[in-house]
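Residues per chain, in single letters:
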Amino acid sequence: MQHKKTPLISPVPGTQRDLDSFHFGPQGQGKKAYIQASLHADELPGMLVAWKLKHQLQALEELGRLNGEVVLVPVANPIGQNQHLMDVHLGRYESENGQNFNRGYFDTFEPVKASIHNKLSDKSEDNIPLVRQAMIDALNGWQVETELQSLQKNLQLLSCDADLMLDLHCDFEAALHIYSTDYSWQGIEPLARLMGSKANLLANETGGNPFDCSTDMVWQRLNQEFGDVIPQGCLGATVELRGQGDVNDEYADHDSLAIIEYLGVLGIVDNEPSLPKEKAPSSDLAAVETLKTKQGGLLVLKVQPGDIVEAGQVFAEVIDPINDLVEQVKVTQAGYVYSRTNRKMATAGMLIGNIAGEHVIRSGYLLAP
Ligand SMILES: [Zn+2]
């Protein structure tokens, strides 16, 4: 195991943060996997999973059972790890400017396209290192100015040449679910099976440039531009490890072992994965019903993550105890409840839950704020 420290831009004198990455297995041979945790810094189940992975990967490396490289970043957001206000950890948005830590990643498509267009080989496998080097060059050309941008740039530099990118997050209260792209899904599906994920939400275009599709969608667009001389170069997914409160050994042991088995499916770990027979389901991210309140009030949730609901079913009641107004928030299409808020005082217009449905009901920007 190699431990690398990458210094970020120092925001003020006396403050210097590093991005710590751990590197396992042989570099430059076999496939490369990149796994990071807690980019939204207050989403910590993934950090425990990553810490367990660190020890499991170290043991596998010592046994000579790694056929490729694994890069692990257990603390992907050291800036957000130190954002607290009056005993509350605020890890989703940077306190300096309100930017979501998982938005605004550098889009390498145009510079990569310009760099490779007259260098492409007829042999698709020769184009993989060409594209990866062009991505690295494009990212190195990103003139970052702030600590946050330097974090984003270094996360992308660590991951952009990987065959697999996993970003470990969680929701407020949730069943395990996965966000990925239509492009990556076929390769990610065994992971969903191993993890027991019942909601797998796919979209190629979400808007917002989140981390998880900062590489696979560039490969997809290059394939559209140049055709099949551009092979599938990267699988990307965000794994939502249930809710913020779900930091425990039982879940983390299950999840880390599932990831190790999946690395076996990809041939990075030398093991015999026991893949469940039944394929994992997937649905369109645009078919997710996002339930919102009309009024503010005391929120009484009527369904649990993991429930199957019918159209017309009451998801929650919002109670105004002063005027005795009770709003019933109802589900409009049947589906699988994969997450709900953990706040108990709702504000008007607040998102209180997500249901994976079958019919497309949304378009445009598909992510939460
Ligand atoms: Zn998150």
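Residues numbered from 1 in each chain as written. Predicted model: local features only at pLDDT ≥ 70, side-chain atom pairs only at ≥ 80, totals over all residues. Heavy atoms only, no water.

Visitor: What is the right way to look at the state of the cysteines in this model?
Guide: Among covalent bonds in proteins, the disulfide is the one between the sulfur atoms of two cysteines. A complete count under the given rule lists zero disulfides for this structure. Of all cysteine sulfurs, the one in Cys234 lies closest to Cys160, which takes part in no disulfide; the gap is 9.2 Å. As a non-bridged cysteine, Cys213 has Cys234 as the owner of its nearest cysteine sulfur, 10 Å distant. What makes Cys213 buried here is its relative accessible area of 14%. (Disulfide = S-S within 2.5 Å. Buried < 20%, exposed > 50% of the residue type's maximum accessible area, 1.4 Å probe, protein only.)

Visitor: What should I look at first to understand the coordination of the zinc ion in this one?
Guide: Angles between donor atoms at a metal ideally measure 109.5 degrees for a four-coordinate tetrahedral arrangement and either 90 or 180 degrees for a six-coordinate octahedral one. Protein-derived coordination of the zinc ion comes from His40 (ND1), Glu43 (OE), Glu43 (OE) and His169 (ND1), at a distance range of 2.0 to 2.6 Å. Each of the four donor atoms bound to the zinc ion contributes to angles spanning 54 to 143 degrees, and the resulting shape is irregular. All donors of the zinc ion come from a single chain, and their spacing in sequence reads H-x2-E-x125-H. Highlighted residues: Glu43 in the loop between β3 (32-37) and α1 (45-62) and His169 in strand β7 (residues 164-171), separated in sequence by 126 residues. (Donors = N, O, S within 2.8 Å, 3.2 Å for Na, K, Ca; no water. Tetrahedral: all angles 85-135°; square planar, octahedral: opposite > 155°, others 65-115°. Helix = DSSP H or I, 4+ residues; strand = E, 2+ residues; numbered from the N terminus.)

Visitor: Help me understand helix α4 (residues 147-159) in this model?
Guide: Since the α-helix advances by 3.6 residues per turn, residues separated by three or four positions end up pointing in the same direction. Here α4 spans 19 Å end to end across 13 residues, near enough to the 18 Å set by a 1.5 Å rise per residue. Residues Glu147, Leu148, Ser150, Leu151, Gln152, Lys153, Asn154, Leu155, Gln156, Leu158 and Ser159 constitute the buried set of α4. (Expected span 1.5 Å × (residues − 1).)

Visitor: Is there a simple way to think about the nonpolar core in this case?
Guide: Side chains of a nonpolar character, in soluble globular proteins, are inclined to be buried together. Ranked by internal contacts, the top residues of the largest apolar core, which has 40 residues, are Leu57, Leu164, Leu166, Ile188, Val239, Ile259 and Leu263. Judged by nonpolar contacts, the second largest core, of 34 residues, contains Leu155, Ala162, Met165 and Tyr183. (Core = buried A, V, L, I, M, F, W, Y, C linked by side-chain atoms within 4.5 Å.)

Visitor: What is the right way to look at unusual backbone geometry in this model?
Guide: For residues that are not glycine, phi is negative in most cases, and the peptide bond is trans in most cases. Phi at Arg242 takes a positive value of approximately 65 degrees, unusual for a residue other than glycine. With a relative accessible area of 9%, Arg242 lands in the buried category. Despite not being glycine, Asp324 has its phi angle at roughly 55 degrees, a positive value. Owing to a relative accessible area of 64%, Asp324 belongs among the exposed residues under this scheme.

Visitor: Is there a simple way to think about a nonpolar patch on the surface in this case?
Guide: Taken together, the side chains of Leu85, Met86, Val88 and Leu90 make up a nonpolar region of the molecular surface, amounting to roughly 420 Å² of accessible area. The residue Val88 is located in strand β6 (residues 88-89) in this model. Under the relative-accessibility criterion, Val88 is labelled partly exposed at 44%. (Patch = residues over 30% accessible without salt bridge, like charges linked within 9 Å, V, L, I, M, F, W, Y side chains within 5 Å. Areas by Shrake-Rupley, 256 points an atom, 1.4 Å probe, with all protein chains shown as cover. Salt bridge = Lys/Arg side-chain N within 4 Å of Asp/Glu carboxyl O.)

Visitor: Any chance you could explain the domain arrangement of the protein here in plain terms?
Guide: A common way to report how large an interface is uses the accessible area buried once the components associate. Splitting the protein by domain gives domain 1 (2-281) and domain 2 (286-356). Between the C-alpha centres of domain 1 and domain 2 there is a distance of 31 Å. On the domain 2 side, the residues contacting the 11 residues of domain 1 number 12 residues. Buried area between domain 1 and domain 2, both sides added, is near 940 Å², and the carbon and sulfur share of it is 57%. At the boundary of domain 1 with domain 2, the tally comes to one salt bridge. Contributing elements (two or more residues each) for the side of domain 1 that touches domain 2: β8 (173-174), β9 (177-180) and β10 (199-202). Residue composition of the side of domain 1 that touches domain 2, by class: six nonpolar, two polar and three charged. (Domains from an automatic or database assignment. Contact = heavy atoms within 4.5 Å. Buried area = accessible area lost by both parts, 1.4 Å probe. Nonpolar A, V, L, I, M, F, W, Y, C, P; charged D, E, K, R; others polar.)

Visitor: What am I meant to see in the pairing of β3 here?
Guide: Regular strands have side chains that alternate between both faces of the sheet. Where burial is concerned, most of β3 is hidden: six out of the six residues are buried. Bridge count for β3 against strand β4 (residues 69-73) is five bridges, and the pairing is parallel. Pairing of Ile35 across the sheet is with Leu72, part of β4. At this point the chain moves from β3, through α1, to the parallel β4, and the crossover so formed is right-handed. The pairing of β3 with β7 spans five bridges and is classified as parallel. The residue of β7 that forms the bridge with Ala33 is Leu164. (Pairing = 2+ DSSP bridges. Right-handed = clockwise from strand over helix to strand, strands pointing away.)

Visitor: Where do I start with the environment of Arg17 in this structure?
Guide: Within the secondary structure layout, Arg17 lies in the loop between β1 (2-7) and β2 (18-24). We classify Arg17 as buried; its relative accessible area is 17%. Excluding residues that lie within four positions of it along the chain, Arg17 makes contacts with Thr6, Pro7, Leu8, Pro11, Pro78, Ile79, Asn82 and Glu147. Within the local environment of Arg17, its side chain forms a polar contact with the backbone oxygen of Pro78, the two atoms lying 3.4 Å apart. A polar contact of 2.8 Å, which involves the side chain of Arg17, links it to the side chain of Glu147. (Polar contact = N/O pair within 3.5 Å; in protein donor to acceptor, adjacent residues only side chain to side chain.)

Visitor: In this structure, what is going on with the UniProt feature "domain: Succinylglutamate desuccinylase/Aspartoacylase catalytic" (unreviewed entry) in the protein? I would like to understand it.
Guide: When the UniProt feature table is mapped onto this chain numbering, "domain: Succinylglutamate desuccinylase/Aspartoacylase catalytic" (unreviewed entry) sits at residues 29-110. End C-alpha atoms of residues 29-110 are separated by 28 Å, and the span's content is 24% helix alongside 18% strand. (UniProt positions renumbered as here; feature names shortened; annotations may be inferred.)

Visitor: Mind showing me how you'd approach the side chain of Ser339 here?
Guide: Structurally, the position occupied by Ser339 is in strand β18 (residues 335-340). Within the structure, the side chain of Ser339 is placed 3.2 Å from the side chain of Asp171, a separation counted as a polar contact. Here Ser339 is in contact with Asp171, Glu173, Ala174, His177, Phe315, Gly353 and Asn354, once residues within four sequence places are set aside.

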